[in-house]
Amino acid sequence: MPLLKRLAKSRYFCTCSISNNQYNTMKHLLILLLACIFSFPCLGQSIIQLSPLQGENSIQTAIEKAAMNGSSILLHDGDYILNKSIEIKDCKKGVIIKGKNPGKVQFRCDKPLKGKLKPVRDIQIESRIHPKAQEKIMEIDLSEIGINIPSFPALMKERKNFPQLIYNNELLPLSRYPNKGYLYMKKVIDNFGTAEQGGTFEYSDPEHAKWVNTVKDGVWFTGYWRIPWQAWTVRIKEINPIKQTVTHSVGIETKNGKDVGIFGGIGSKYHRPYGSGKEEYYVENLLEEIDQPGEWCIDFTAQKLYLFPPQHFDENLLSIVSDITPLINITNSSHIKIENISFKNHLGNGIIIKDATDCLIAGCNFKNILGDALIIQGGKQNRIQSNNFDYIGRTCIEVSGGNRKNLVPCKHLIENNYFTRFGEIQRSYAPAIKLGAFTTGIGVEEGNAVGITVRHNLVHNAPHAAFIYGGNNNIMEYNEVFDIAQVTGDVGAFYSRWDWTSRGNVLRYNFIHHSPRANALYADDGHAGDSIYNNVVYQVVSGTIVGGGHCNYIHNNLYFNCSAAGISIDARGKKRNYNAQNPEFSHLFDVFQINEGNWDNTYPGISKFLQTEHLELPIDNSIADNTFINCRCGLRKEGKDEDFQYSHFGNNTNLLIPDLNFQEISILKSLKNIQGVDSIEKYQLEKCGLYTDKYRTSLPDRILLINSIQQQKEGFDSIKDQQVTNNNQ
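Reading the values: the criteria
Residues numbered from 1 in each chain as written. Predicted model: local features only at pLDDT ≥ 70, side-chain atom pairs only at ≥ 80, totals over all residues. Heavy atoms only, no water. Helix = DSSP H or I, 4+ residues; strand = E, 2+ residues; numbered from the N terminus. Buried < 20%, exposed > 50% of the residue type's maximum accessible area, 1.4 Å probe, protein only. Contact = heavy atoms within 4.5 Å. pLDDT = per-residue confidence, 0-100. Core = buried A, V, L, I, M, F, W, Y, C linked by side-chain atoms within 4.5 Å. Pairing = 2+ DSSP bridges. Axes fitted to C-alpha atoms, helices over the stretch in contact; angles between N-to-C directions. Phe/Tyr/Trp six-rings, centres within 6.5 Å; stacked < 30°, edge-to-face > 60°. Lys NZ or Arg CZ within 6 Å of the ring centre and 35° of its normal. Arc of directions from axis to C-beta. Polar contact = N/O pair within 3.5 Å; in protein donor to acceptor, adjacent residues only side chain to side chain. Lys, Arg positive; Asp, Glu negative; His and termini not counted. Salt bridge = Lys/Arg side-chain N within 4 Å of Asp/Glu carboxyl O. Disulfide = S-S within 2.5 Å.

A. Structural detail: the overall build of the protein. Helix and strand content of the protein: ten helices and 58 strands. Going through the 729 residues of the protein one by one, you find that 57% of them count as buried. Put simply, 69% of the contacts in the protein that link residues at least 6 apart link residues at least 24 apart.

Right, here's the structure in full:
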């Protein structure tokens, strides 16, 4: 008989029967009692045990005590509700924070909403409710729960710091029309607008007329107004049901009407001035369009939240996240280990590790973290191993470290992690893993990323890229990627751009498949210095793209069923002024002091690189020994023959195998039955992806995952963007 039940029947306790709630309370109290007697460091023990009843202050106190002598903290099962960040600062002796049972210890930061829902009584509000939701919509007065939500700005790329409803640990959808898919502009009337308003277009869907009277309080449309890889949310100034037009309140453009060579305003840049009729958009956060259980919105003026309750609704399972402070801050510390803990239900970032050494995050789960799940800034030899990331708002792991000026590696390791459903709030440039603080721009903002290894990770089910990288001497190997770029285009599973100083990055033994809207390995906009070899690629747009860059080595890759090309290389730099006088490329040579340190020793001749002639053309690329199977085109050169005279092109093989069953290959990760491909073992496909270890004791069912991939329409050919932009320079 368990100790607690023996005690319950002893003379020290009442002899009457006890409820489950009473039993659980007594259980936590006994754990606390035993922890106090047997485990605290002040009594010479090495383990501090905690239970959820002790609260967040006890965790912070335990960490401070453990930091004094390098003790361990053992967390017993349950939910640990955090109302402020846990701080680990200047701890050099090391602390281990471990969940007793994997998946059973949960750090969370959501507020319960039990008792906060009320029926809608306002007649004007009732008149706006969709017929499907009449007498079902409930409201929450945000002031009663201590939340004030500012209105959306007139123009934004994604919702920032916007609260989220959670029901039974699942994100509830913000109201949206249409519920699935998109609306489409019929015709652009005005691309740019004026100083007082943005562009104007004709619409087709009569539903727009329902929103006319709501415009004064705020209506926002989110759309891919110009390009298929960046959505903008814009406030609407006017909906005219007579003319069937919509006018934006502000223009979608940047200085001089251009954004890195991309024409501003509305309407596809490839079909000016009237657009293509295929520009996608939708309306969100609108009361009138709550028509399904689980949908909700916020009225910024009244500061009220409206919810169509989920089916079989239990208000005990409803909560909201609104706090943006990180869950855990680790600063200037060493040997911190966090194991077997679930981090969930939080609006801000999960864990931030800054200037730390030899820290480990392993066996943890990150779910419904709507900022970045995990950030490593600087430091060295930190390891992120065998964690799961699911429903992440932005990037799962953003990592930087090392010193680019001196090419000193940080030796961070990101291994055996599982990433799915990230980029839920920021739909573009929010990958599973971001090496360097890389966004869409250029320059020092990319941050230091030297000597980072990313291997044996599985990434799938995402709106944009899997990996975005910059920096030097990073290795990305044995990763598996599929079903990405679901809502965007002109992207790579592995993507980088702009930097001529980004040398020494290795992409090898990766398996990229079932992503018909994505490119696989994409060195965009002049990117230089990658070694890309022994990768296996199936069903993408282009397998590898060299976008006018230099010193890229592309050998011994295997490409299947690429809808545009196996490998594509172009000379876009002729029209885009890729030269030593262009500060977008040359300034990093000064920033990282290329003439000093180890640069010439590591990359011979790089200190003289800006003196090279014809930098507008792709120089010193080497493409050879690749195999193309059933690709529309094997090697595509976009430009004149003389544009490629400074790069090397060896022998590549084109094969047509009509009866090849790649579904079987992708499931079994075996290439043994393919005829006509030499040295099939060199691709080491069977090693790609996740493996079992002491933290990951089982693997996801790949057969089920691959068979559940939904059909995607063929993706955007990135070379089209290069062609159109060059022609309009």
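B. Seen up close, the confidence of the model for the protein. Mean pLDDT over the protein stands at 88; residues scoring 70 or higher make up 89%. pLDDT under 50 marks residues 439–444. Its contacts with residues more than four places away, or in other chains, come to 14 contacts.

C. Inspection of the nonpolar core at higher detail. Within the largest apolar cluster, 91 residues are counted, with the highest numbers of intra-cluster contacts made by Phe 107, Ile 338, Phe 343 and Phe 366. It is helix H3 (residues 55–69) that provides the largest number of residues to this core, a total of four residues. Sequence-distant contacts of Phe 366, defined by excluding residues within four places in its chain, comprise Phe 343, Ile 351, Ile 361, Ala 373, Leu 374, Asn 387, Asn 388, Phe 389, Asp 390 and Ile 392. Core analysis: the second largest hydrophobic core is formed by 22 residues, Leu 113, Ile 145, Phe 152 and Trp 220 among them.

D. Representation of the sheet that holds strand S26 (residues 328–331) in the model. In spatial order, the strands read S4-S26-S29-S32-S35-S38-S41-S44-S47-S50-S53-S56; together these twelve strands make up an open sheet with parallel pairing. The open sheet has two edge strands, strand S4 (86–89) and strand S56 (635–638), and neither has a second partner. For this sheet the average axis-to-axis angle between neighbouring strands, irrespective of direction, equals 10°. By the bridge criterion, three bridges tie strand S35 (residues 397–399) to strand S38 (residues 433–435) in an arrangement that is parallel. The residue of S38 that forms the bridge with Glu 398 is Lys 434.

E. Representation of the packing of aromatic side chains in the model. With the rule as written, the count across this model stands at 37 aromatic pairs. For the ring pair Trp 500 and Phe 609, a centre distance of 5.8 Å and an interplane angle of 80° mean the geometry is edge-to-face. With a gap of 109 residues between them, Trp 500 in the loop between strand S44 (492–497) and strand S45 (505–508) and Phe 609 in the loop between helix H7 (599–602) and strand S54 (622–624) connect regions that are remote in the sequence. As far as burial versus exposure is concerned, Trp 500 and Phe 609 are alike and both buried. An aromatic cluster is defined as three or more aromatic residues linked by ring pairs; in this entry it consists of Tyr 80, Phe 107, Phe 343, Phe 366, Phe 389 and Phe 419. Of note, Arg 176 hangs over the ring of Tyr 282, and the distance from its end group to the ring centre comes to 3.8 Å. Stacked on the ring of Phe 609, the Lys or Arg Arg 503 has its end atom at 4.7 Å from the ring centre.

F. Fine view of the sheet that holds strand S7 (residues 111–112). With antiparallel pairing, four strands are arranged side by side in an open sheet as S7-S25-S11-S12. The open sheet terminates on both sides in strands that have one partner only, identified here as S7 and strand S12 (170–171). Where strand S11 (residues 164–167) and strand S25 (residues 318–321) come together, four bridges link them in antiparallel fashion. If you follow Leu 165 over to S25, its bridge partner there is Ile 320.

G. Spatial organisation of helix H6 (residues 583–591). Taken together, the buried positions of H6 are Phe 585, Ser 586, Leu 588 and Phe 589. For H6, the angular spread of buried residues about the axis comes to 150°, placing them on one side. Exposed residues pointing more than 90 degrees away from the buried face of H6 are listed as Pro 583 and Asp 590. Sitting at the amino-terminal end of H6 is Asn 582, which places a side-chain oxygen 3.0 Å from the backbone nitrogen of Glu 584. Phi turns positive, to about 50°, at Gln 593, one or two residues after H6.

H. Broad picture of the side chain of Arg 394. Secondary-structure assignment places Arg 394 in the loop between strand S34 (388–392) and S35. Buried and unpaired, Arg 394 has Glu 158 as its nearest opposite-charge partner, separated by 4.3 Å. A distance of 2.9 Å separates the side chain of Arg 394 from the backbone oxygen of Arg 159, its partner in a polar contact.

I. Broad picture of unusual backbone geometry. For the peptide bond that leads from Tyr 177 to Pro 178, omega is -5°, which places it in the cis range. Here the residue pair Arg 272 and Pro 273 is connected by a cis peptide bond, since its omega of 0° sits within 30 degrees of zero. By the secondary structure assignment, Pro 273 is in the loop between strand S21 (262–263) and strand S22 (280–284). Positive phi is not limited to glycine here, since Asn 168 has a value of about 50°. Among the secondary structure elements, Asn 168 is positioned in the loop between S11 and S12.

J. Representation of the pattern of salt bridges. For the structure on display, the rule yields 23 salt bridges. Of the charged contacts, one joins Arg 572 and Asp 525 as a salt bridge, the two residues approaching to 3.2 Å between their closest N and O atoms. Of this pair, Arg 572 sits in the loop between strand S53 (565–570) and helix H5 (573–576) while Asp 525 is found in the loop between strand S47 (519–524) and strand S48 (530–533), placing the two residues 47 residues apart along the sequence. Sharing partners across several salt bridges, the network here consists of Arg 497, Asp 524, Asp 525, Asp 570, Arg 572 and Arg 576.

K. Geometry of the pairing of S45. With three bridges joining them, strand S42 (residues 475–477) and S45 adopt parallel strand pairing. Residue pairing for S45: Met 476 is matched across the bridge by Leu 507. Bridge count for S45 against S48 is four bridges, and the pairing is parallel. The partner of Asn 505 across the bridge, within S48, is Asp 530.

L. Structural context of the environment of Tyr 177. With respect to the element layout, Tyr 177 can be found in strand S13 (residues 176–177). Distance in space between the C-alpha atoms of Tyr 177 and Asp 291 is 9.4 Å, their sequence separation being 114 residues. Leaving out residues up to four positions away in the same chain, Tyr 177 has contacts with Leu 183, Asp 205, Glu 207, Trp 211, Tyr 282, Val 283 and Glu 289. Reaching out from Tyr 177, the side chain makes a polar contact with the side chain of Asp 205 at a distance of 2.8 Å.

M. Seen up close, the environment of Leu 615. Note on placement: Leu 615 falls in the loop between H7 and S54. Exposure remark for Leu 615: the relative accessible area of 4% places this residue in the buried category. Each C-alpha atom of the pair Leu 615 and Gly 548 lies 9.1 Å from the other, and the pair is 67 residues apart in sequence. Setting aside chain neighbours within four positions, we find Leu 615 in contact with Trp 500, His 550, Tyr 578, Asn 579, Ala 580, Phe 609 and Leu 610.

N. Spotlight on the pairing of S53. Within S53, six of the six residues are buried, which leaves the element mostly enclosed by the surrounding structure. In the sheet, S53 pairs with S56 via four bridges, with the strands oriented parallel. By the bridge assignment, Asp 570 is partnered in S56 with Glu 638.

O. Region of interest: the state of the cysteines. Inspection of the entire model under this criterion finds zero disulfides. Of all cysteine sulfurs in the structure, the one in Cys 562 sits closest to Cys 631, which takes part in no disulfide; the separation is 3.8 Å. Relative accessible area serves as the criterion here: at 16%, Cys 631 is assigned to the buried category.

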